[in-house]
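# Descriptive structure summary
As a plain string of letters, each chain reads:
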Amino acid sequence: MSTSVDSTESDHLGTSGQKKSGDKVVAMLGNPNVGKTSIFNRLTNLLAKTSNFPGTTIDRRIGRVELSDKKSITLVDLPGMYSLEATSPEEEVARDFVLGQSDEAPDAVLIVVDATNLQRTLFVARQALQQSRPTVVAVNFIEAARRRGIEIDLNILSRKLGCPVVGVSARTGEGFDRLKSQLAIVLAGPALPLLIQGGSPECPPTPAENVLTVISDDESCGSCRVCPFADGHLWAAALARESIRDGSVVSDETADRVDQFLTHRFIGPVVFAIVMVLAFSLVFSFAQVPMEWLDNGFGMLATWVSRFLPEGDFQSLVVDGIIGGVGGVMVFLPQIFILFFMLAILEDSGYLARAVVVVDRWMRRVGLPGQAFVPLLAAHACAIPAIMATKVIENRRDRLAAIMVIPLMTCSARLPVYTMIAAMLFPSNPMYAAILFASAYVLGMVAAFAIAFLLKLTILPGEPSPLILDLPPYRAPSIRNALRYAYERGWTFLRDAGTVILMISIVIWALSTYPKLSDERFADEMASRSVAVEQLSESELDGVRAAADQEHAIIGRLGRVVAPVFEPLGFDWKISVGVMTSFAAREVVVSTLSILYGLGPEPEEESSLQNRLQAAKYPDGSPVFTTATCVSLLVFFVLAMQCLPTQAVTKKETGSWKWAAFQFVYMTMLAYAAAFVAYQTISLVS
Amino acid sequence: MFSEITLDHFIGTAGEIARLDLPEACAIRLKSLGLFEGQYVQLARSGNPMIVKAAGGKIAVAGDIAKGIYMRVAHS
């Protein structure tokens, strides 16, 4: 999938480490939440690409920056880190890059620190400075600091750090011209004198060697003298104090009060529930209209293309296979975009970290770390970006547990199935339909937590690694960054899922098209079923023909073979075919059923499909879609692993097909068992 | 005279970390965030997870972590 570096990026910074001639590479480094990404976006004018570090699945953003002297550089935005002593794979890759331990090494480093919290953000800056690469330090949020009465003496900071220091504001653009010119100067000039020496924990700098050690006697703490962490933090604290002109400590009482409220034992969960319900209702209500547009757009495109292509297999491949298949996935893009926009806003504001504090205790009980909550939330749009987002979880056991249960969450692709079943069960009762929807969501969540708990007791033993989480300051979120983030996530989804879906669509199309049913054979079959072909209208005939073709094709034959397996769930052979065709992408079941039960190749409206399904009868005249069958079908689709792109991502992120296979097997068994219980129970009761 | 008590049993609003008794990866993470031996921390939220303030930041730590953070307490 996306492990390879984009070919356009390979020109700048490829796996071989070759750079575009003349373009020097600058790595951006800093704590999380110092506004690194905002600076990156502004410097690159939002023209960045996201790819992986070679040989890993860890994202890096790369962009070109035109410097003031008409030269350009390649800027690499590294994952945020608190220390070069990496404790997660993400930090390891970033550290190796900064230290030049990977195939490629940056020509210079741009360190970003936070003007409103210099002390906290200078620690990793010091470690990076000890690498003696040409360096520029950008002090972000300089304008916000000024508003809060913090005046930073950039000259002192620059003198002490031994490198150029520029105050910037990513929000207003202040200081960016100077930042660019300073980057040009350090890249062109000779190596800077090294002011901060040493650095590795094995060889900590002694105070005498370290020109920048500014610890006064009263701050020294005996044993900590040799501890590089203590040394670094005390240095950062002292330097921050020295370079803040009025020396005033900004009161954060308000933030403390908000924290107490948001992480309160009782109020915290209530706020959390309200925020989540609000976020989801916004996602679904805002996404509805663009999703309809996309759906109609693909419909129009299909009609338009059919007009230009001669009728036949090629037209069918393009219209039914490619446009139908890829379009079916593209319609979920608005939901994914809006969900990630909301997540970015919540994260930027500082709330998401507090939400982790609230949910951590409960999640831990079932064997999931608090950090898994954001991926689980994202899984409600699509499991693919959610599984990718588990990178924030450091411990492999915890990460595996999260990846294994993520696909149980109701993703957007399940919604067409839920809609279809809700419309069949409660055609004129929107209230009950809504309850059915909510129950399906709850079933997915409960199943996810139950399975996580079972995994903890069985193949993934042990407790999730305990929470250690830096709580970022509260800030007004940046709409611009959130839009950018949502766009990138959406694009990654399209690129990764879209390419796989395209292949699957073609395969499914081929399986449901070949071998072809000859006209004579069709006439014989119709005669054997006593269908009066001559009495059907043209469109009805098309539909009957489509269904007969499908029955005759490999997919139909498979369906008949597997039908006995699904009989105890109340599925007839057509639903069984639907289950088979949706093996690769669950939403396909709607179009499969609409074709198999249909009189027309595609339903004009949802209601027509609903009517056709309701009217479907077994040869003995009993209805196919009883309440028991509908509920069984719903339960099956809530729990089954029917998404090949997700499987591919699971393989990629866990590094083995073993976990993808396990995920498929356990979810299918769970879905089968639960649907069986649902069908048999409801059949008995009614 | 000083003795030690783990952070989860610590009573008070502020104190000094005496030592960390945790797996290396956890200890490194805590130290990177500014929770090291000799550091002065303030308690912002008790319970599980707890929130402590140190080195200009706020850090949430689970109860299991708090059990491995020993605080210095003065004997009266």
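Residues numbered from 1 in each chain as written. Chains lettered and ligands numbered in written order. Predicted model: local features only at pLDDT ≥ 70, side-chain atom pairs only at ≥ 80, totals over all residues. Heavy atoms only, no water.

As annotated in an unreviewed UniProt entry, chain B is Ferrous iron transport protein A from Aporhodopirellula aestuarii.

To be explicit about the condition: UniProt positions are given in the numbering used here, feature names are shortened, and annotations may be inferred rather than shown by experiment.
Named according to an unreviewed UniProt entry, chain A is Ferrous iron transport protein B originating from Aporhodopirellula aestuarii. Looking at chain A in UniProt, the text filed under Sequence similarities (unreviewed entry) is "Belongs to the TRAFAC class TrmE-Era-EngA-EngB-Septin-like GTPase superfamily. FeoB GTPase (TC 9.A.8) family." Quoted verbatim from the Function (unreviewed entry) heading of the UniProt record, the comment on chain A is "Probable transporter of a GTP-driven Fe(2+) uptake system."

### What to know about the overall build of chain B
Quick note on the threshold: In this text, helices come from DSSP runs of H or I with a minimum length of four residues, and strands from runs of E with a minimum of two, each type numbered from the N-terminal end. Think of it in three bands: with a 1.4 Å probe and only protein chains considered, a residue is buried below 20% of the maximum accessible area for its type, exposed above 50%, and partly exposed in between. Throughout, a contact is declared for two residues whenever any of their heavy atoms are within 4.5 Å. Note on areas: Shrake-Rupley, 1.4 Å probe, and residue coverage restricted to the protein chains presented here.
The helix and strand inventory of chain B stands at two helices and six strands. Relative to its 76 residues, chain B shows a buried fraction of 54%. For chain B, contacts bridging at least 24 residues in sequence account for 59% of all contacts bridging at least 6. Counting every atom, chain B has about 3,300 Å² of accessible surface; 51% of that belongs to carbon and sulfur.

### Side note on the nonpolar core
Residue and element names in this part refer to chain A. Short version of the rule: Put simply, a nonpolar core is a bunch of buried Ala, Val, Leu, Ile, Met, Phe, Trp, Tyr and Cys residues held in one set by side-chain atoms that sit within 4.5 Å of each other.
Core analysis: the biggest nonpolar cluster contains 116 residues, and L368, F373, V405, I421, F625 and F636 have the highest contact counts within it. Counting residues per element, this core draws most heavily on helix 12 (residues 333–349), at 10 residues. In this structure, L78, M81, V137 and L161 belong to the second largest nonpolar core, which totals 36 residues.

### Focus on the interface of chain B and chain A
For clarity, the threshold we go by: Whenever Lys or Arg places a side-chain nitrogen within 4 Å of a carboxyl oxygen from Asp or Glu, that contact is recorded as a salt bridge. Side-chain atoms alone can form a polar contact between residues adjacent in sequence; in general such a contact is a pair of N or O atoms within 3.5 Å, and within protein one must be able to donate a hydrogen while the other accepts it. Amino acids are sorted into nonpolar (Ala, Val, Leu, Ile, Met, Phe, Trp, Tyr, Cys and Pro), charged (Asp, Glu, Lys and Arg) and polar (every other residue, Gly among them). DSSP calls a pair of strands paired once it identifies at least 2 bridges connecting them.
Contacts between the two partners involve 31 residues from chain B and, on the opposite side, 35 residues from chain A. In this assembly, chain B and chain A are joined by five salt bridges. If you look at where chain B meets chain A, you find 16 residue pairs in polar contact (both at pLDDT 80 or more). Only helix 1 (24–32), strand 3 (40–45), strand 4 (50–54), strand 5 (57–61) and helix 2 (63–66) of chain B provide two or more residues apiece to the side of chain B that touches chain A. Tallying contributions element by element places helix 1 of chain B first for the side of chain B that touches chain A, with seven residues. Looking at the side of chain B that touches chain A residue by residue, the class counts come to 16 nonpolar, eight polar and seven charged. Here strand 8 (residues 468–471) of chain A pairs with strand 5 of chain B via four bridges, running antiparallel.

### What to know about the UniProt feature "transmembrane region" (unreviewed entry) in chain A
All names here are of chain A. UniProt tags residues 266–287, 322–346, 366–388, 400–426, 432–455, 493–512, 624–644 and 664–682 as "transmembrane region" (unreviewed entry). Segment residues 266–287 splits into 95% helix and 0% strand. End C-alpha atoms: 32 Å apart. As annotated, residues 366–388 comprises 52% helix and 0% strand, and the C-alpha atoms at either end are separated by 21 Å.

### Re the pattern of salt bridges
All names here are of chain A. Taken as a whole and assessed by the stated rule, the structure comprises 29 salt bridges over all chains. In this structure, E463 and K456 form a salt bridge, with 3.4 Å as the shortest nitrogen-oxygen distance. D549 is paired through a salt bridge with R545; the nearest N and O atoms lie 3.2 Å apart. Of this pair, D549 and R545 both sit in helix 21 (residues 538–552), separated by four residues, roughly a single helical turn. Here D549 falls in the partly exposed class, since its relative accessible area comes to 25%.

### Regarding the side chain of A:S243
Of note, A:S243 is situated in helix 8 (residues 228–243). Residues within four places of A:S243 in sequence aside, it is in contact with A:L118, A:E151, A:I152, A:D153, A:I156 and A:L157.

### Overview of unusual backbone geometry
Negative phi characterises most residues that are not glycine, and trans characterises most peptide bonds. With an omega dihedral of -5°, the bond running from A:Y514 to A:P515 counts as a cis peptide bond. Among the secondary structure elements, A:P515 is positioned in the loop between helix 19 (479–511) and helix 20 (519–528). Cis peptide bonds are those with omega within 30 degrees of zero, and the linkage from B:N48 to B:P49 qualifies with -5°. Along the chain, B:P49 falls in the loop between strand 3 and strand 4. Unusually for a residue other than glycine, A:F141 sits at a positive phi of about 60°. Inspection of the secondary structure puts A:F141 in the loop between strand 6 (135–140) and helix 5 (142–147). The buried category is assigned to A:F141, whose relative accessible area is 15%.

### Considerations on the sheet that holds strand 2 (residues 48–52) of chain A
Residue and element names in this part refer to chain A. Quick reminder of the rule: Helix axes are fitted to C-alpha atoms over the stretch in contact, other axes to C-alpha atoms as well, and angles between N-to-C directions run from 0 to 180 degrees.
Strand order in this open sheet of seven strands is 2-3-4-1-5-6-7, and the pairing throughout is mixed. At either end of the open sheet lies a strand with only one pairing partner, and these are strand 2 and strand 7 (165–167). Ignoring strand direction, the axes of neighbouring strands in this sheet form an average angle of 25°. Bridging between strand 3 (residues 59–66) and strand 4 (residues 72–77) involves six bridges; their strand directions are antiparallel. Along strand 4, the bridge assignment pairs V65 with I73. Most of the contacts of helix 2 (residues 36–43) go to strand 3, to which it runs at about 40°, and overall it touches strand 1 (24–30), strand 2, strand 3, strand 4, strand 5 (108–114) and strand 6.

### Topic: the packing of aromatic side chains
Residue and element names in this part refer to chain A. Defined as follows: Any Phe, Tyr or Trp ring, taking Trp's six-membered ring, that has another such ring centre within 6.5 Å forms a pair; planes under 30 degrees apart are called stacked, those over 60 apart edge-to-face, and the others tilted. We count a charge as sitting over a ring when the NZ of a lysine or the CZ of an arginine lies within 6 Å of the ring centre and within 35 degrees of the ring normal.
Applying the stated criterion to the full structure yields 15 aromatic pairs over all chains. Relative to F662, the ring of W659 has its centre 6.0 Å away and its plane inclined at 85°; by these criteria the two rings are edge-to-face. Of this pair, W659 and F662 both sit in helix 28 (residues 657–685), three residues apart, which is roughly one turn of that helix. The ring of F176 has R42 lying over it, and the distance from NZ or CZ to the ring centre is 5.9 Å. Here the guanidinium or amino end of R354 rests over the ring plane of Y474, the centre of that ring lying 4.0 Å away.

### Let's talk about helix 26 (residues 627–639) of chain A
Along an α-helix, a turn takes 3.6 residues, which lines up residues three or four apart on a common side. Rules: By this rule, a helix spans an expected 1.5 Å times one less than how many residues it contains.
The terminal C-alpha atoms of helix 26 of chain A, which comprises 13 residues, lie 18 Å apart, in line with the 18 Å expected from a rise of 1.5 Å per residue. Three or more residues of helix 26 of chain A are buried, namely A:A628, A:T629, A:C630, A:S632, A:L633, A:L634, A:V635, A:F636, A:F637, A:V638 and A:L639.

### Side note on the sheet that holds strand 6 (residues 69–74) of chain B
Spatial strand order, 8(A)-5(B)-4(B)-3(B)-2(B)-6(B)-1(B): seven strands in an open sheet with antiparallel pairing. Because the sheet does not close on itself, it has two edges, and the strands there are strand 8 of chain A together with strand 1 (2–6) of chain B. Strand-to-strand twist in this sheet, taken as the mean axis angle between neighbours without regard to direction, amounts to 40°. In terms of strand pairing, strand 1 of chain B meets strand 6 of chain B through five bridges, oriented antiparallel.

### Structural notes on the packing of helix 2 of chain A against helix 7 (residues 176–188) of chain A
Residues and elements named next belong to chain A. Our working definition: In these notes the angle categories are as follows: under 35 degrees is roughly parallel, over 145 is roughly antiparallel, 65 to 115 is roughly perpendicular, and the rest is oblique.
At a minimum axis separation of 11 Å, helix 2 and helix 7 run at an interaxial angle of 85°. The orientation of helix 2 with respect to helix 7, classified from their angle, is roughly perpendicular. Contacts from I39, R42 and L43 of helix 2 reach helix 7 at F176, L179 and K180. Among the residues making up the contact of helix 2 with helix 7, the classes are represented as four nonpolar, no polar and two charged.

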